[in-house]
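# Geometric and topological summary
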Amino acid sequence: MFNLEWYRIFLHTARAGNLTKAAQELYITQPSVSYAIKQMEEALGVALFHRLPKGVKLTAEGKALLDFVEPSFALLDAGESKLHNLKRLAGGELRVGASDSLLKHLLLPHLDSFHAQYPDIRIRLSHGKTPDIVQRLKEGQIDFGIVHMPVADSQIEAEALTVIQDTFVAGQTYSKLAGRPLPADELGAQPLLLLSQGSSTRRHVEQWFSARGVKIEADIELGSIDLLVEFARRGFGIAYVTRSFVEGELSSGTLIELETGDALPSRTIGIAVHREMPLSLAASRFLDMLRSAFPGSVKSGE
């Protein structure tokens, strides 16, 4: 391969049809243009230009080379333009992984703001449990994930974003249980509406009951908090959900909150990124927006 600048000189000379004009366009001397063309011709073993009294004209071989050089520089120009757009966030993608509930209740308002500010960024969302999100991060399928902490994986760096509080809720059918602290065994004896096995929320509630000597089973097991809320509202049982996700229902009275004898511990929601994969400009900008919205976020280990 020649010096790329030789090809640039060849391209400008072919378009200008004149060594002096090409030199002026490139802000170099005419002898520099002449030397580069001569070096190319000697290396290729063919004449690229016919020398005329008032300029130059491509030979058949020169025309054949131009057919490749011209689109190559057009492609390079397009690449530079693409990078410029990415830098201005006028293109590119944002790839985020999270559970359905976190996507809806935590991320969606911020995604709205980001999309309004950068409408040309393509937003790709991937839903799943925390282990699924971590695996997709390791495979490079997403830029970052919103996960339940802690995350025990040496390839993943986790940053605390916000703290959530879970609670037990039910429809008015269970109003007789409201207004007094309920022991774990009494709660565990009720029909329970829980997220599916393997979810962080499910493990959390099972650990809480287990620590009090109560083994539980889900009467209704679902993959969505919104569905748990709907079944609870209709009187099918008691749902274990994140309190901030059902504040509207609690305020309106369509759901009631049940007290527990022992306090339910809070949980931390965090941002997970791959330690060795740099973030795209779009992902970095969105994370900056999230950190501004949750100023107490702290990287693990700090």
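Remember, predicted model here, so these are calculated numbers, not experimental data.

Another aspect to go through is the layout of surface pockets. The space that makes up the largest pocket amounts to roughly 330 Å³. When residues of the lining of the largest pocket are traced back to their parent elements, those giving at least two are helix 5 (100–117), strand 5 (144–148) and helix 8 (200–210).

Another point: helix 5. The end-to-end C-alpha separation of helix 5 is 23 Å, in line with the 26 Å expected for 18 residues at 1.5 Å each. Maximal helix bending in helix 5 amounts to about 65°, located at Leu 107; proline Pro 109 follows within four positions. Ser 101, Leu 102, Leu 103, Leu 106, Leu 107, His 110, Leu 111 and Phe 114 are the residues of helix 5 that are buried.

Most of strand 5 sits out of view: five of its five residues are buried. Of the two faces of strand 5, the one holding Phe 144, Ile 146 and His 148 and the one holding Gly 145 and Val 147 are both buried throughout. Taken together, the two bridges between strand 3 (residues 93–98) and strand 5 define a ladder with parallel strand orientation. Across the sheet, the residue bridging to Gly 97 is Gly 145, located in strand 5. Bridging between strand 5 and strand 12 (residues 267–274) involves four bridges; their strand directions are antiparallel. Across the sheet, Val 147 pairs through a bridge with Gly 270, a residue of strand 12.

In this section: the environment of Met 40. Its place among the elements puts Met 40 in helix 3 (residues 30–44). In this structure the C-alpha to C-alpha distance between Met 40 and Thr 268, which are 228 residues apart in sequence, comes to 64 Å.

What follows deals with the packing of helix 1 (residues 4–16) against helix 3. Any two packed helices are characterised by how steeply their axes cross, that is the angle between the axes, and by the distance between the axes. Contact geometry of helix 1 with helix 3 gives a least axis separation of 9 Å together with a crossing angle of 110°. As far as their axial angle goes, helix 3 and helix 1 are roughly perpendicular. Residues Trp 6, Tyr 7, Ile 9, Phe 10 and Thr 13 of helix 1 lie in contact with helix 3, whose contacting residues are Val 33, Ala 36, Ile 37, Gln 39 and Met 40. Its residues placed into classes, the contact of helix 1 with helix 3 shows eight nonpolar, two polar and no charged.

Okay, the packing of helix 2 (residues 19–26) against helix 3 next. At a closest axis distance of 8 Å, the pairing of helix 2 and helix 3 adopts a crossing angle of 110°. Classified by the interaxial angle, the pair formed by helix 2 and helix 3 is roughly perpendicular. Contacts from Leu 19, Thr 20, Ala 22 and Ala 23 of helix 2 reach helix 3 at Gln 30, Val 33 and Ser 34. Considering only residue class, the contact of helix 2 with helix 3 consists of four nonpolar, three polar and no charged.

Conventions adopted
- Residues numbered from 1 in each chain as written.
- Predicted model: local features only at pLDDT ≥ 70, side-chain atom pairs only at ≥ 80, totals over all residues.
- Heavy atoms only, no water.
- 1 Å grid on protein atoms, 1.4 Å probe; cavity = no way out; pocket = protein on both sides within 12 Å on 5 of 7 lines; lining within 4 Å.
- Points joined across faces, edges and corners; volume = space filled by probe spheres on them.
- Helix = DSSP H or I, 4+ residues; strand = E, 2+ residues; numbered from the N terminus.
- Expected span 1.5 Å × (residues − 1).
- Bend = angle between axes of the 7 residues up to and from the residue.
- Buried < 20%, exposed > 50% of the residue type's maximum accessible area, 1.4 Å probe, protein only.
- Pairing = 2+ DSSP bridges.
- Axes fitted to C-alpha atoms, helices over the stretch in contact; angles between N-to-C directions.
- Parallel < 35°, antiparallel > 145°, perpendicular 65-115°, else oblique.
- Contact = heavy atoms within 4.5 Å.
- Nonpolar A, V, L, I, M, F, W, Y, C, P; charged D, E, K, R; others polar.

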